[in-house]
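Breakdown of the fold
Here's the letter readout for the chains.
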Amino acid sequence: MSETPPNLFVRTADNVGRKTLTGIEEIGNGATIIAQSVFWLFMGPRYGQPVRAGSVVVQMMEAGIFAIPILVLLNAAIGVMLAIQSIYMLKIFGAEARVTDGIGFVIVREFGPLITGILIAGRTGSSLAARLGTMRINQELDALHVMGINPVRFLVVPALVAMVIMVPLLTFLCDVASLLAAGLYVQITLDISLAAFFNQVVDVLSVGDLMHGLGKSVLFGILICIIGVVNGASVTGGAEGVGKVTTRAVVQAISAIVLTDMLIVYIATIS
Amino acid sequence: MADEIKSVIEVRDLVTHYGPRQILNGITMEVREGEIMVIMGGSGSGKSTLLRHLMALEEKTSGTMTILGQNIDELNMREMFDLRKKLGVAFQSGALFSSMTVGENVMLPLFEHTKLDRMTMDIMTRMKLEVVELGEFENLMPAELSGGMIKRAAFARACVMDPKILFCDEPSAGLDPAVASALDDLILRLRDALGMSIVVVTHELDSAFKIADRMTVLDRGDILFIGTPEEIRNSPNERIQKILNREPDSDDVDIDVYLRRLTGEDMYGGAEL
């Protein structure tokens, strides 16, 4: 006697239920890894497991310094794009001279951290997931355990510290690159000098605006790192599995950045 | 009065599950000081799971396990780290860190666990690489090594802290007979030179009989036999003779394990690092 296959509604409900549980489990794993990272960062030396400054520097180079060219280039392009669109729109009202206010505000509070976060998620978040996934499949994580080296302390904490330091620094650099490119375009188009452009930007922006952007970028750095680690550590199924978790880590990190950004903007601006 | 034989590992009634499935059904065994203990068995017999337990990498369901006189259930985190410094492992894949050179891989335990100066660590690393005949390959990356060289480098890393117990997971798997035989010789040499106890999991009969002082034969999560190679050769047990004669046994196909491999289902539990 054959069983009747479940109908579409049951299958969909089952699927949604499983994915919800997986999501909750991953959030729990992420929280655990953050807690363990904080523990090893401060308590590691007491257990003979200090976080090596050298490892943090290596991660800072990987996640930050080597990413500078592409980040600066793309943020400059976005700065020019914003300038073109803003001038086009403000021309309708004959207010193109006010373009500086909008550009400065939007880049420093929003586009700088968001675009930097998204680019780092694609570059560093994916490499972190792929690296950890490959290490898990190759039993390198087991090897660390047996050698008495805590993998969270050895692999995750340096990456996390590097991200917390480098993402805000890169965001600031990208803000400057974006504003500089936008300023050059405005100089060519509206004949407003670069000095005047930057003077206006400084006038219109407060320290709070800058901190809003940089504060968000710290959070984005933590999200990118933890999502990469959780996905990398959960890999199954060999090389194909590594590919899957890498893609998943990038998609999740970008989604998390955009949604967190929206939430922070709402809290900081509206409420 | 004869010298008392000391055990470095004692396992009593070890039971373990993966999900609802019981993998080990109450294993009791010991590994004696200075001996090479080979764990054998067919696919799905539980030998790799037992090895992971002996290395304290898995949570057991019940039973007790003592490593170097310490009950691992009673150890706190610091004591566990200290215990692990006395263990070495050479995994089947080698598990060398791909971002480090061979020399850096071998040096890693020294760098992490000792306060030796760099020059001393360099000398110790070179010595261990010489023992495994990889002295000239210190600066190569793992990707530049052959399969046999990767395994030898893994041995060098496993031995760099002069562990009391060395674990080897399928050391000769996937190697041609000449290289496999050379690795067997290396295991014997390491035991004689460094006086460590060695636990080897393998399904290669020739290799097992060449290196073993004693052998544990596992079958479907139970111990079929523990004894010297000679005792196992002379055992009247039908299943042991089947294993020794390499006779296929339809019951050896473990559907659960096979399906888990096919589907890539995680055997090692969650996303824990």
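Just so it is clear, the structure is predicted and the values come from calculations on it, not from any experiment.

Turning our eyes to something else, we now look at the overall build of chain A. When you go through chain A residue by residue, the secondary structure sums to nine helices and zero strands. Dimensions along the principal axes, computed over C-alpha positions, put chain A at roughly 75 × 60 × 35 Å. Counting across all 271 residues of chain A, residues that qualify as buried make up 45%. In chain A, the proportion of contacts linking residues at least 24 apart, taken out of those at least 6 apart, comes to 82%. Of the roughly 13,200 Å² that chain A leaves accessible, carbon and sulfur atoms contribute 71%. Charged side chains of chain A number 15 positive and 16 negative; the gap between the two group centres comes to 7 Å.

Attention now goes to the overall build of chain B. Helices and strands together make up the secondary structure of chain B, namely 10 helices and 10 strands. Of all intrachain contacts in chain B linking residues separated by at least 6 positions in sequence, the fraction that spans at least 24 positions is 65%. On chain B, roughly 13,000 Å² of surface is accessible, and the fraction owed to carbon and sulfur atoms is 50%.

An α-helical turn contains 3.6 residues, so any two residues separated by three or four positions project in the same direction. Residues and elements named next belong to chain B. With 14 residues, helix α4 (residues 118-131) extends 20 Å between its outermost C-alpha atoms, agreeing within 8% with the 20 Å of an ideal straight helix rising 1.5 Å per residue. Buried within α4 are the following residues: Met121, Asp122, Thr125, Lys128 and Leu129. Buried residues of α4, seen end-on, are gathered within an arc of 130° and therefore sit on one face of the element. Turned more than 90 degrees away from the buried face of α4, the exposed residues are Met119 and Met127. For α4, the elements touching its buried residues are α3 (102-113), α5 (147-159) and α6 (177-194). Of the residues flanking the start of α4, the one acting as N-cap is aspartate 117, its side-chain oxygen 3.1 Å from the backbone nitrogen of methionine 119.

Tallying each qualifying case throughout the model produces 25 salt bridges over all chains. When the shortest N-O distance is used, the salt bridge between glutamate 112 of chain B and arginine 52 of chain A registers 3.6 Å. Of the two residues, glutamate 112 of chain B is situated in helix α3 and arginine 52 of chain A in the loop between α1 (8-43) and α2 (53-63); the pairing between them involves two chains. Given the relative accessible area of 22%, arginine 52 of chain A is considered partly exposed. A salt bridge links arginine 52 of chain B to glutamate 58 of chain B; its shortest N-O distance comes to 2.6 Å. Pair check on accessibility: arginine 52 of chain B and glutamate 58 of chain B agree, each one buried. Salt bridges linked by common partners bring Arg52 and Arg153 of chain A together with Glu112 of chain B together as one network.

Residue and element names in this part refer to chain B. Along the chain, glycine 94 turns up in the loop between β6 (87-90) and α3. Remark: the alpha-carbon pair of glycine 94 and phenylalanine 111, spanning 17 residues in sequence, is separated by 19 Å. The residues contacting glycine 94, other than those within four sequence positions of it, are Ile150, Ala154 and Arg157.

Residues and elements named next belong to chain B. Tracing the backbone shows leucine 83 in helix α2 (residues 77-84). Expressed as a C-alpha distance, the spacing of leucine 83 and glutamate 58, which sit 25 residues apart in the sequence, is 16 Å. Excluding anything up to four places from it in sequence, leucine 83 contacts Ile67, Leu68, Gln70, Ile72 and Leu75.

What follows deals with the pairing of strand β3 (residues 36-41) of chain B. Residue and element names in this part refer to chain B. With six of its six residues buried, β3 lies for the most part within the structure. In this structure, β3 lies alongside strand β9 (residues 214-219), joined through five bridges in parallel fashion. Across the sheet, glycine 41 pairs through a bridge with leucine 218, a residue of β9.

All right, on to the nonpolar core then. One broad rule of soluble globular proteins: the nonpolar side chains tend to lie buried together. Counting residues in each nonpolar core, the largest one holds 81 residues, and the members touching the most others are Leu144 of chain A together with Ile9, Ile39, Leu50, Leu54, Phe167 and Val199 of chain B. If you tally residues by element for this core, the top one is helix α6 (residues 151-190) of chain A, at 14 residues. Domain assignment of the residues forming this core places at least three in each of domain 1 (7-86 + 166-263) and domain 2 (95-162) of chain B. For valine 199 of chain B, the residues in contact, after removing those within four places along its chain, are Ile9, Val31, Met37, Ile39, Leu51, Leu54, Ile165, Leu166, Phe167 and Cys168 of chain B.

Our next topic: the domain arrangement of chain B. Residues and elements named next belong to chain B. Structurally, chain B comprises domain 1 (7-86 + 166-263) and domain 2 (95-162). Computed over C-alpha atoms only, the centres of domain 1 and domain 2 are separated by 25 Å. The partner domain 2 presents 14 residues to the 16 residues of domain 1 that form the contact. Summing the contributions of domain 1 and of domain 2, the shared interface buries around 1,100 Å²; its carbon and sulfur component is 76%. The largest per-residue losses of area from domain 1 upon contact with domain 2 belong to Lys85, Leu186 and Leu190, which jointly make up 37% of the total buried on that side. One can count one salt bridge joining domain 1 with domain 2. For glutamate 133, the salt bridge is made with arginine 189, and the minimal N-O distance between the two is 3.9 Å.

All names here are of chain A. On the surface, a nonpolar cluster with roughly 360 Å² of combined accessible area is contributed by Ile34, Val38, Leu41 and Phe42. Relative to the helices and strands, phenylalanine 42 is located in helix α1. Residue classification places phenylalanine 42 among the exposed positions, given a relative accessible area of 61%.

The next point concerns the sheet that holds β3 of chain B. Residues and elements named next belong to chain B. In space, the six strands of this open sheet follow the order β6-β7-β8-β3-β9-β10, with mixed pairing throughout. Since the sheet does not close on itself, it has two edges, and those belong to β6 and β10 (222-227), each with one partner. On average, adjacent strands in this sheet sit at an angle of 15° to one another, irrespective of strand direction. Examined bridge by bridge, strand β7 (residues 165-169) and strand β8 (residues 197-201) share five bridges and lie parallel to one another. In the strand pairing of β8, phenylalanine 167 is matched with valine 199.

Take the interface of chain B and chain A next. For an interface, size is often stated in terms of accessible area lost upon the parts coming together. At the interface, 33 residues of chain B touch 35 residues of chain A. Overall, the association of chain B and chain A removes approximately 2,800 Å² of surface from exposure, summing both partners, and the carbon and sulfur fraction of that is 62%. The tally of links between chain B and chain A comes to three salt bridges. Linking chain B to chain A there are nine residue pairs in polar contact (both at pLDDT 80 or more).

Conventions we followed
- Residues numbered from 1 in each chain as written.
- Chains lettered and ligands numbered in written order.
- Predicted model: local features only at pLDDT ≥ 70, side-chain atom pairs only at ≥ 80, totals over all residues.
- Heavy atoms only, no water.
- Helix = DSSP H or I, 4+ residues; strand = E, 2+ residues; numbered from the N terminus.
- Buried < 20%, exposed > 50% of the residue type's maximum accessible area, 1.4 Å probe, protein only.
- Contact = heavy atoms within 4.5 Å.
- Areas by Shrake-Rupley, 256 points an atom, 1.4 Å probe, with all protein chains shown as cover.
- Lys, Arg positive; Asp, Glu negative; His and termini not counted.
- Charge placed at Lys NZ, Arg CZ, Asp CG, Glu CD.
- Expected span 1.5 Å × (residues − 1).
- Arc of directions from axis to C-beta.
- Polar contact = N/O pair within 3.5 Å; in protein donor to acceptor, adjacent residues only side chain to side chain.
- Salt bridge = Lys/Arg side-chain N within 4 Å of Asp/Glu carboxyl O.
- Pairing = 2+ DSSP bridges.
- Core = buried A, V, L, I, M, F, W, Y, C linked by side-chain atoms within 4.5 Å.
- Domains from an automatic or database assignment.
- Buried area = accessible area lost by both parts, 1.4 Å probe.
- Patch = residues over 30% accessible without salt bridge, like charges linked within 9 Å, V, L, I, M, F, W, Y side chains within 5 Å.
- Axes fitted to C-alpha atoms, helices over the stretch in contact; angles between N-to-C directions.

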